[in-house]
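Below, each chain spelled out in residue letters.
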Amino acid sequence: MKPCHVFLIVMSTLWILGSPASSRATDTKPDRQVAITIDDLPAGSGSMPAATITEMTTKLLTTLRDQKIPVVGFVNEKKLYKFGEVDERVAALKMWLDYGFELGNHTYSHASLNRVGLKAWEDDVIQGENVTSLLLAEHKMKMRYFRHPYLHTGRDLQTRREAEAFLVARGYQIAPITLDAWDWAYAAVYEDAKKRGDKAAQDELAKSYLAYSDASFAYSERLSKQIVGYEPKQIVLLHANQLEADHIGELLDLFRKRGYRFITLEDALGDQAYGLPDTFVGEEGSGWLEHWAITQGKPPQGAPVFPQAVIDKWKALAPTQP
């Protein structure tokens, strides 16, 4: 046998033996972790009737419970007070606790710290505790997490630090976010399509939302490594809406495909990244990866572009949104 033939046989054997290992290495997913948080309870849309809120909440929570996903939902108690619907809206909120989830404070009226001023914002935080605290007490729980509306943490550092001190004094831990695919913009357009019975539009919006989520999560994972040096335990921001109720299972599958395990918010906040220096202030809200990047003097770049068609449709609907 010629030397070249021996070489080819040996190389072929090594390739065959090496293929499974190579395939396994390629298929190995990173070990990522994420906490699910959902804002604007009992429902993002103030125009949604109580019966629809109950249906939406049942569908969303059933999927999350059946898949054993830990969740903290953040409440705007003003949304409970609609004439003739208060009892049913409170009952929908209570479902979150009955299904085994936790509730946090998102202020009473979704007040922006950047717009209403510190004192009015503090009053709104306190007013947002009334019903939720009673429901939690029935389950032998206390409210311990706060989420800033619009992710507005203050226009200046003094206001931000005073707001943080106020929250700590009331027993709150701020719930930051590191993953966000703007489901609220998709949700308004999706809800409109659902009201009109336009199934094709709903399917197209859901497909676009999942694709944008995938791109957005990939961007945040890259940014994490650049700014933090590793991928911390992430915290994703979602909202209580029809889009999530109908497609949360697909979003959870997307997370799994990216190598994520689902953890509690408490577990996520134990990551040392959430103790990084953070002096971010500004007119607009943003996630904490951006906070840390700007604090380090490294403004983030390369974020995926949100679909303009969805923005245009959302803007067209915005005047009718409460």
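The structure under discussion appears in the preceding block.
Throughout what follows, the structure given in this document is the object of discussion. Because the structure is a prediction, the values reported are computed rather than measured.

1. Details of the side chain of Ser216
- As for its placement among the helices and strands, Ser216 is situated in helix 9 (residues 199–227).
- Dropping the residues within four chain positions of it, Ser216 is found in contact with Asp180, Ala181 and Pro304.

2. As for the pairing of strand 2 (residues 71–75)
- Of all 5 residues that make up strand 2, 5 are buried, and the element is covered over most of its length.
- Side chains Val71, Gly73 and Val75 of strand 2 all project onto a buried face; the interleaved residues Val72 and Phe74 project onto the opposite face, where all are buried too.
- Since strand 1 (residues 32–41) and strand 2 lie parallel, the crossover through helix 2 (residues 50–66) that links them has a hand, and here it is right-handed.
- Handedness of the crossover joining strand 2 and strand 3 (residues 102–105) through helix 3 (residues 86–98) is recorded here as right-handed.

3. As for the layout of surface pockets
- Roughly 300 Å³ of volume is contained in the second largest pocket.
- Lining the second largest pocket are 16 residues, with Arg160, Glu164, Ile174, Tyr274 and Trp288 sitting closest to its centre.
- Secondary structure elements with two or more residues in the lining of the second largest pocket: helix 7 (157–169), strand 5 (173–174) and helix 12 (288–295).
- Top contributing element to the lining of the second largest pocket by residue count: helix 7, with 5 residues.
- When grouped by side-chain class, the residues that make up the lining of the second largest pocket number 10 nonpolar, 2 polar and 4 charged.

4. Comments concerning the packing of helix 9 against helix 10 (residues 242–257)
- Where helix 9 contacts helix 10, the axes come no closer than 11 Å and their chain directions differ by 40 degrees. Taken together, the axes of helix 9 and helix 10 lie oblique to each other. In the packing of helix 9 onto helix 10, the handedness of the crossing is right-handed. The residues of helix 10 that touch helix 9, namely those facing Ala206, Tyr209, Leu210, Ser213, Asp214 and Phe217, are Leu243, Glu244, His247, Glu250, Leu251, Leu254 and Phe255.
- Class assignment for the residues of the contact of helix 9 with helix 10 results in 8 nonpolar, 2 polar and 3 charged.

5. Observations regarding the nonpolar core
- Membership of the largest hydrophobic core comes to 65 residues, with the highest contact counts inside it found for Ile36, Ile38, Leu64, Trp96, Trp121, Leu251 and Phe255.
- Of the residues forming this core, the biggest block, 7 residues, is contributed by helix 10.
- Among all residues touching Phe255, those that are not within four sequence positions of it are Val34, Ile36, Leu179, Phe217, Val236, Tyr260 and Phe262.
- Grouped together as the second largest cluster of nonpolar side chains are 23 residues, Leu223, Val228, Ala268 and Trp292 included.

What counts and what doesn't
Within each chain, residue numbers correspond to sequence positions counted from 1 in written order. With the structure being a predicted model, the display of local features is reserved for residues of pLDDT at least 70 and the display and counting of side-chain atom pairs for 80 or more, all residues being used for whole-chain, interface and lining totals. Side-chain numbers come from the whole structure's heavy atoms, not from hydrogens or water. Secondary structure is summarised from DSSP: a helix means a run of H or I of at least four residues, a strand means a run of E of at least two, and numbering begins at the N terminus for each. Here, residues are in contact when the closest pair of their heavy atoms is within 4.5 Å. Buried residues are those whose accessible area, probed at 1.4 Å on protein chains only, stays under 20% of the maximum for their type, while exposed residues exceed 50% and partly exposed ones sit between those limits. The path from the first strand over the helix to the second decides the hand: if it runs clockwise while the strands point away from the viewer, the crossover is right-handed. Using a grid of 1 Å spacing that covers the protein atoms alone, one calls a set of points a cavity when a 1.4 Å probe fits there but cannot get out, and a pocket when the set is open and has protein on both sides within 12 Å along at least five of seven lines; lining residues are those with an atom within 4 Å of a point. Grid points are joined across faces, edges and corners, and a volume is the space filled by probe spheres set on the points. Any residue that is not Ala, Val, Leu, Ile, Met, Phe, Trp, Tyr, Cys, Pro, Asp, Glu, Lys or Arg is counted as polar, Gly included; the first ten are nonpolar and the last four charged. Note on geometry: axes are lines fitted to C-alpha atoms, helical ones only across the stretch in contact, with angles between N-to-C directions running from 0 to 180 degrees. Any angle from 65 to 115 degrees is called roughly perpendicular, while one under 35 is roughly parallel, one over 145 is roughly antiparallel, and all others are oblique. Left-handed is the label given to a crossing in which the near helix is rotated counterclockwise from the far helix by less than a right angle, and right-handed is the label when the rotation is clockwise. Remark: nonpolar core denotes a set of buried residues (Ala, Val, Leu, Ile, Met, Phe, Trp, Tyr, Cys) joined through side-chain atoms within 4.5 Å.

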